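Breakdown of the fold
This is what each chain is made of:
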Amino acid sequence: MSAVFAGYGVAVTVVAVMISVFGIVYGLGIALDDKKIKEFGKYEIYQSLINGAIIGFLFIAFTPNGVITAVINNFSSGVTSQPCSPPMAYNSAICFSYNYLFGSLSVGVNGNTYPSLIASTIALLTSTTVLYMMIGTLSTVSFSIVVISVGLAGLNIFLGPLRDIIDLLVLNLFLIIAQAALLKFIAATAISMVLPIGLVLRSFFFTRRLGGTLIAIAIGFFAVYPLTYVLAAQLLNSYSTGGQFAQEVNNATNAVGGSVATAKGIEGATYSDAKGVITSPATYLLGFNPIGDAAGMILGLGNGFSSLMSALGSVVSDLIIQVFILPIFSLILTIISVRELANIMGSEVSFGKFDVL
């Protein structure tokens, strides 16, 4: 917090200087009986006093035991996570949001335990990628028995849906990493850098609007943005408990593991039959059993593929809601709050197409 205090100190000094300067301007207006100079000096003195009040309020509000900090901690009282290191430890909402996205341990929401999104995504991505690679390898296997050629190219039919699942999981992974990095950046810069700079710039009449904008951005992303993640977690908890989501992840992972085991069985049976063809071709030809047990295993893989995709689809859909849809909702709420705060500060913030909100 020393950097924050230093920023406040500079802002207080600038406000004091501005009050003195515009007090002199106001005095000159009185001495010269110039109405424009008097009005200008009076207006700027009022603005400097307002700046001083804003600095005092923000100083009190954003200290570790300040008003806004207490409000953030109160709204985050229903969620728990592993402790965070500074500067995230200063904001309990940011700490929870970061661990909810990128933590190594589970988080708690109203007494229910949820695995972190990064842990769930990596578990599913790893197992699904292994299955994809095994099926892809098996689909290239073929061997010939005199004039008969036997291959497993039909397994390619399973690769398309698995590739789509892997693509979605990879996208989720990058979105989780990006959001976690943004939260970490906000915790490190919003109050220690952006807010003090905004206070200093708002103290000068020619940079007042820019300063107000920076103050609004700092408050919006430090206070509102992480609280929207807490709200999103509460909403998810209202219809799906942590145990249910964790069980869905486990079911999907186990389903993939079962398919991997089946694929391994197909691989073993295929190579066993290939060896049998080489050592006893007559036996295999007369028995009309060129692929032996592998055929039954492939049929078993096909029968289980529907339930496998159902389990994966359910979990991936939940992850997309948590990683993509709800964060967009969070960003919209934050942008609206920043615009309203900027208006209070006498500034205007434009976010292009987001202005329709």
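Everything discussed here concerns the structure shown above.
Heads up: these notes are all about the structure in this document.

Reading the values: rules and limits
Residues numbered from 1 in each chain as written. Predicted model: local features only at pLDDT ≥ 70, side-chain atom pairs only at ≥ 80, totals over all residues. Heavy atoms only, no water. Patch = residues over 30% accessible without salt bridge, like charges linked within 9 Å, V, L, I, M, F, W, Y side chains within 5 Å. Areas by Shrake-Rupley, 256 points an atom, 1.4 Å probe, with all protein chains shown as cover. Salt bridge = Lys/Arg side-chain N within 4 Å of Asp/Glu carboxyl O. Helix = DSSP H or I, 4+ residues; strand = E, 2+ residues; numbered from the N terminus. Buried < 20%, exposed > 50% of the residue type's maximum accessible area, 1.4 Å probe, protein only. Disulfide = S-S within 2.5 Å. Axes fitted to C-alpha atoms, helices over the stretch in contact; angles between N-to-C directions. Parallel < 35°, antiparallel > 145°, perpendicular 65-115°, else oblique. Left-handed = near helix turned anticlockwise from the far one by under 90°. Contact = heavy atoms within 4.5 Å. Nonpolar A, V, L, I, M, F, W, Y, C, P; charged D, E, K, R; others polar. Core = buried A, V, L, I, M, F, W, Y, C linked by side-chain atoms within 4.5 Å. Phe/Tyr/Trp six-rings, centres within 6.5 Å; stacked < 30°, edge-to-face > 60°. Pairing = 2+ DSSP bridges.

Together, Phe59, Ile60, Val67, Val71 and Phe75 give the surface a local cluster of nonpolar side chains, amounting to about 460 Å² of exposed area. Broken down by secondary-structure element, the contributors of at least two residues to the nonpolar patch are helix H2 (35–61) and helix H3 (67–75). Among the elements that take part in the nonpolar patch, H3 stands out by supplying 3 residues, more than any other. Tracing the chain through its elements places Val71 in helix H3.

Applying the stated criterion to the full structure yields 1 salt bridge. Where Arg208 meets Glu44, a salt bridge forms, and the shortest distance between an N and an O atom there is 2.7 Å. With Arg208 in helix H7 (residues 208–239) and Glu44 in helix H2, this pair connects stretches of sequence that are 164 residues apart. Of the two residues examined, Arg208 and Glu44, each falls in the buried class.

You can see Ala119 is positioned in helix H5 (residues 117–138). As a C-alpha pair, Ala119 and Ser106 span 13 residues in sequence and 8.9 Å in three-dimensional space.

On to the state of the cysteines, then. Applying the stated rule across the entire model yields 1 disulfide. The partner cysteine of Cys84 in its disulfide is Cys95, sulfur to sulfur 2.1 Å. Its S-S torsion of about 95 degrees marks the bond between Cys84 and Cys95 as right-handed, since a negative value means left-handed. On the criterion of sequence distance, the pair formed by Cys84 in the loop between strand S1 (79–80) and helix H4 (92–102) and Cys95 in helix H4 is long-range, its members being 11 residues apart. Overall, Cys84 belongs to the buried group, its relative accessible area being 16%. When its relative accessible area of 8% is taken as the criterion, Cys95 is described as buried.

For the bond from Pro86 to Pro87, the omega torsion is 5 degrees, close enough to zero to count as cis. Among the secondary structure elements, Pro87 is positioned in the loop between S1 and H4. Unusually for a residue other than glycine, Asp33 sits at a positive phi of about 55 degrees. Residue position: Asp33 is located in the loop between helix H1 (2–32) and H2. Its identity as a non-glycine residue notwithstanding, Asn110 has a phi of 50 degrees, on the positive side.

Below, the discussion takes up the packing of H5 against helix H6 (residues 159–202). For any two helices packed against each other, the geometry comes down to the angle between their axes and how far apart the axes lie. Two elements in contact, H5 and H6, have axes separated by 9 Å at closest approach and are oriented at 150 degrees. As the angle between them shows, H5 and H6 are arranged roughly antiparallel. Between H5 and H6 lies a crossing whose hand is left-handed. Along its contact with H5, which presents Leu117, Ile118, Thr121, Ile122, Leu124, Leu125, Thr128, Thr129, Leu131, Tyr132, Ile135 and Gly136, the element H6 presents Leu159, Leu162, Arg163, Ile165, Ile166, Leu169, Val170, Asn172, Leu173 and Ile176. For the contact of H5 with H6, the per-class residue count stands at 16 nonpolar, 5 polar and 1 charged.

Turning next to the nonpolar core. In this structure, Leu58, Phe62, Phe96, Leu195, Leu199, Phe222 and Leu312 are the most contacted members of the largest nonpolar core, which totals 81 residues. If you tally residues by element for this core, the top one is H6, at 16 residues. When residues no more than four places from it in sequence are discounted, the contact partners of Leu199 are Tyr8, Ala11, Ile54, Ile55, Leu58 and Ile215.

Applying the stated rule across the entire model yields 7 aromatic pairs. Note on Phe22 and Phe40: the rings are 5.6 Å apart at their centroids and 75 degrees apart in plane angle, and the pair reads as edge-to-face. Remark: Phe40 occurs in helix H2 and Phe22 occurs in helix H1; sequence separation between them is 18 residues. Given the relative accessible area of 4%, Phe22 is considered buried.

Turning next to the sheet that holds strand S2 (residues 107–109). On the basis of which strands lie adjacent, the open sheet formed by 3 strands has the order S1-S2-S3 and antiparallel pairing. If you trace the sheet from one side to the other, it starts and ends with S1 and strand S3 (112–114), each paired once. Two elements, S2 and S3, share 3 bridges in a ladder whose sense is antiparallel. From the neighbouring strand, Val109 faces S3, where its bridge partner is Asn112. Relative to the sheet, H4 contacts S1 and S2, its axis offset from that of S2 by approximately 115 degrees.

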